[in-house]
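Structural description and commentary
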Number of protein chains: 2
Amino acid sequence: MDRFLPYINKHIQLTPTEEAILQANIKYKNYLKGQYIVQNDEICRCHSFIESGKVRTFYLDKNGNEHIVAFGIEEWWVGDIGSLITQSPADFNVQCLEKTQVVQIYYENLQRLYRDVPKIERVFRLIIQNAYVSAQKRIVRNFSLTARDRYLLLLEEYPAFVQRFPQYMIASYLGITKEFLSQIRNQLAKEAKS
Amino acid sequence: MDRFLPYINKHIQLTPTEEAILQANIKYKNYLKGQYIVQNDEICRCHSFIESGKVRTFYLDKNGNEHIVAFGIEEWWVGDIGSLITQSPADFNVQCLEKTQVVQIYYENLQRLYRDVPKIERVFRLIIQNAYVSAQKRIVRNFSLTARDRYLLLLEEYPAFVQRFPQYMIASYLGITKEFLSQIRNQLAKEAKS
DNA sequence: AAAGAAAAATAAGGTAGTTTAAGAAAAAAA
DNA sequence: TTTTTTTCTTAAACTACCTTATTTTTCTTT
């Protein structure tokens, strides 16, 4: 039940006092399968760290099609940062796909932490920096790789995702249809035999 | 020649002492048309703020094709953040497309500033946060919009780009060929008439 | 102003990925 | 166990976008 503090301590070293302030500004929460942590058009009030469980972050386009923009498993942060930082309606939905426990930092508490424990600003700069670098990688890959190569890369880099999320969600994350992913997998299986 | 300090002061308020420390940790530099601020496979040593001029950030895929991942004009930051933060070889190239003046903060100076002027950590958190939000928007759009709609959106949101950068670069930025963009524009022109 | 180079337009044929629809397999519920 | 629901597969027709090649226009340089 406590992955959170060890995670924070990977980035910075907190004094006992600072740790106490941090503890006072977080909340533990449990979600059931299917429940939403963030909902489209509502303001995202907190950023959530996954203690256990799994979630998907998705977006509904104007035709009502779902597009998965991120997965979340243990030790990942989820939320809609765009909505959080401007306290404006969210573009994304964050939905739990199984019973999920999270640690949440609410907007006001985060601002207070930035003020009272400046080291926290560093943690979040680092978190966002890494998120930004992966987002850019994703853009580049969607430009220059075929669906097949993107799938192979996902298998290599995040095998846990391919195991824990259903195929139609993997397809959506890769930006292709489930039918086409099925076709790719079929082809890869054939190649493996010969 | 001085857009930099006013830009910083939009985000935070510096005391005269802090401002002096900041000034001591930046460098002004001029580039000619065609010169590179960052080069693929070399370590990106600084982050650059554009005072005047224009640049493109691009990536060469394994077939040697260029893919533009970002444009930069006055008051934009450019560089390869992935390379900068880990001090590892850059994936991207940042090239000036005309005479360009920049303010640069070198890696070591940035670390020193984070330590000595903690407010600076806030500025960079904010810069990266915004960059991350736009990167995510871009991922979503590339998934759910057609090339035509992406072009229309670019025209609406950043008309300056469409005016200041040649069409084949705009096409590359949108993730399509120059021929296809030409076709789209042709079609839009026809529609405008009738 | 002319010459040369770079950028943009046009057109035809090709391919990666989509759509639709039907059926099979697997998982969840009863 | 059977039923119901969810997920995955297969295949054929279709579309958005690509490739290649040629021509025209615009920008640079002298």
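Parameters at a glance
Residues numbered from 1 in each chain as written. Chains lettered and ligands numbered in written order. Predicted model: local features only at pLDDT ≥ 70, side-chain atom pairs only at ≥ 80, totals over all residues. Heavy atoms only, no water. Helix = DSSP H or I, 4+ residues; strand = E, 2+ residues; numbered from the N terminus. Buried < 20%, exposed > 50% of the residue type's maximum accessible area, 1.4 Å probe, protein only. Areas by Shrake-Rupley, 256 points an atom, 1.4 Å probe, with all protein chains shown as cover. Pairing = 2+ DSSP bridges. Axes fitted to C-alpha atoms, helices over the stretch in contact; angles between N-to-C directions. Contact = heavy atoms within 4.5 Å. Near = heavy atom within 4 Å. Polar contact = N/O pair within 3.5 Å; in protein donor to acceptor, adjacent residues only side chain to side chain. Nonpolar A, V, L, I, M, F, W, Y, C, P; charged D, E, K, R; others polar. Salt bridge = Lys/Arg side-chain N within 4 Å of Asp/Glu carboxyl O. Least-squares fit on C-alpha atoms with pLDDT ≥ 70 in both. Parallel < 35°, antiparallel > 145°, perpendicular 65-115°, else oblique. Domains from an automatic or database assignment. Buried area = accessible area lost by both parts, 1.4 Å probe.

Quick look at the overall build of chain A
- Along chain A, the regular secondary structure elements total nine helices and eight strands.
- Summarising its shape, the C-alpha atoms of chain A cover approximately 60 × 35 × 30 Å along the three principal directions.
- Looking at the 194 residues of chain A, the share that counts as buried comes to 48%.
- For chain A, the computed accessible surface area is about 9700 Å², with 50% contributed by carbon and sulfur atoms.

Notes on the sheet that holds strand β4 (residues 55–60) of chain A
- An order of β2-β7-β4-β5 (chain A) is seen for the four strands of this open sheet, with the pairing classed as antiparallel. With one partner strand each, in any of the chains shown, β2 (36–38) and β5 (66–72) of chain A form the two edges of the open sheet. Ignoring which end each strand starts from, the neighbouring axes of this sheet average 30 degrees apart.
- The sheet strands contacting helix α5 (residues 119–144) of chain B are β4 and β5 of chain A, and the helix crosses β5 of chain A at an angle near 140 degrees.

What about the protein's contact with DNA strand C?
- The environment of DNA strand C is formed by 14 residues, the closest being A147 and T177 of chain A together with Q167, Y168 and N186 of chain B.
- When atoms of DNA strand C within 4 Å of the protein are split into backbone and base, the sugar-phosphate part holds 74%.
- Interatomic distance of 2.7 Å between a side-chain N/O atom of Q167 of chain B and a phosphate oxygen of DNA strand C.
- The separation between a phosphate oxygen of DNA strand C and a polar main-chain atom of Y168 of chain B is 2.9 Å.
- Among the elements that line the surface near DNA strand C, the one with the most residues is helix α9 (residues 178–193) of chain B, at three residues.
- When grouped by side-chain class, the residues that make up the surface near DNA strand C number five nonpolar, six polar and three charged.

As for the pattern of salt bridges
- Enumeration over the complete set of coordinates arrives at 28 salt bridges over all chains.
- Across the salt bridge formed by K10 of chain A and E75 of chain A, the nearest N and O atoms sit 3.6 Å from each other. Here K10 of chain A is found in helix α1 (residues 4–11), whereas its partner E75 of chain A is found in the loop between β5 and β6 (77–78), with 65 residues between them in sequence.
- What makes E75 of chain A partly exposed here is its relative accessible area of 28%.
- The residue K178 of chain B makes a salt bridge to E179 of chain B at a minimum N-O spacing of 3.1 Å.
- Each of the salt bridges in this network shares a partner with another, and the network as a whole consists of K54, E74, E98 and R164 of chain A.

Quick look at the protein's contact with DNA strand D
- Around DNA strand D, the surrounding shell holds 14 residues, and the nearest of these are Q167, Y168, S182 and N186 of chain A together with A147 of chain B.
- Counted by atom, the contact set of DNA strand D within 4 Å of the protein is 79% sugar and phosphate.
- Contact distances for DNA strand D include 2.7 Å between a phosphate oxygen and a side-chain N or O atom of Q167 of chain A.
- Within the side chain of S182 of chain A, a nitrogen or oxygen atom sits 2.9 Å from a phosphate oxygen of DNA strand D.
- Where the surface near DNA strand D is concerned, the elements lending two or more residues are α8 (167–174) and α9 (178–193) of chain A together with α6 (147–157) and α9 of chain B.
- For the surface near DNA strand D, the residue count by class is five nonpolar, six polar and three charged.

A look at the relation of the copies chain B and chain A
- Once turned by 179 degrees and shifted 0.0 Å along the axis, chain B lies on chain A with an RMSD of 0.0 Å. Those values place the two copies in the arrangement expected of a two-fold rotation axis.

Some words on the packing of α6 of chain B against α9 of chain B
Residues and elements named next belong to chain B.
- Between α6 and α9, whose axes approach to 10 Å, the crossing angle comes to 75 degrees. In terms of their interaxial angle, α6 and α9 are classed as roughly perpendicular. Counting all contacts with α6, which are made through A147, R148, Y151 and L152, the residues of α9 involved are F180, L181, I184, R185, Q187, L188 and E191.
- Class assignment of the residues belonging to the contact of α6 with α9 gives a composition of seven nonpolar, one polar and three charged.

So, the sheet that holds strand β3 (residues 46–52) of chain A
Residue and element names in this part refer to chain A.
- Judged by pairing direction, the sheet is antiparallel, and its four strands sit side by side in the order β1-β8-β3-β6 without closing on themselves. Lying at the two open borders of the sheet, with one neighbouring strand each, are β1 (27–31) and β6.
- Judged from the five bridges that link them, β1 and strand β8 (residues 100–106) form a sheet pairing that is antiparallel. Residue Y31 lies in a different strand from β8, and its bridge partner there is T100.
- On the sheet, α1 packs against β3, β6 and β8 and is oriented at approximately 115 degrees with respect to β3.
- Sheet contacts for helix α4 (residues 107–116): β3 and β8; angle to β8, the most-contacted strand, approximately 60 degrees.

Digging into the packing of helix α8 (residues 167–174) of chain B against α9 of chain B
All names here are of chain B.
- Between α8 and α9, the shortest axis-to-axis distance is 8 Å and the interhelical angle comes to 100 degrees. Judged by the inter-axis angle, α8 sits roughly perpendicular to α9. Packed against α8, whose contacting residues are Q167, Y168, I170, A171 and L174, the element α9 presents K178, L181, S182 and R185 at the interface.

What about the domain arrangement of chain A?
Residues and elements named next belong to chain A.
- We note that the domain assignment places domain 1 (4–144) and domain 2 (145–194) within chain A.
- On a C-alpha basis, the centres of domain 1 and domain 2 stand 26 Å from each other.
- Counting from both sides, the interface comprises 21 residues of domain 1 and, opposite them, 14 residues of domain 2.
- When the two sides are added together, the surface that domain 1 and domain 2 hide from each other amounts to roughly 1500 Å², 60% of it contributed by carbon and sulfur.
- Broken down residue by residue, the surface that domain 1 buries against domain 2 is led by I68, F71 and R141, which jointly contribute 42%.

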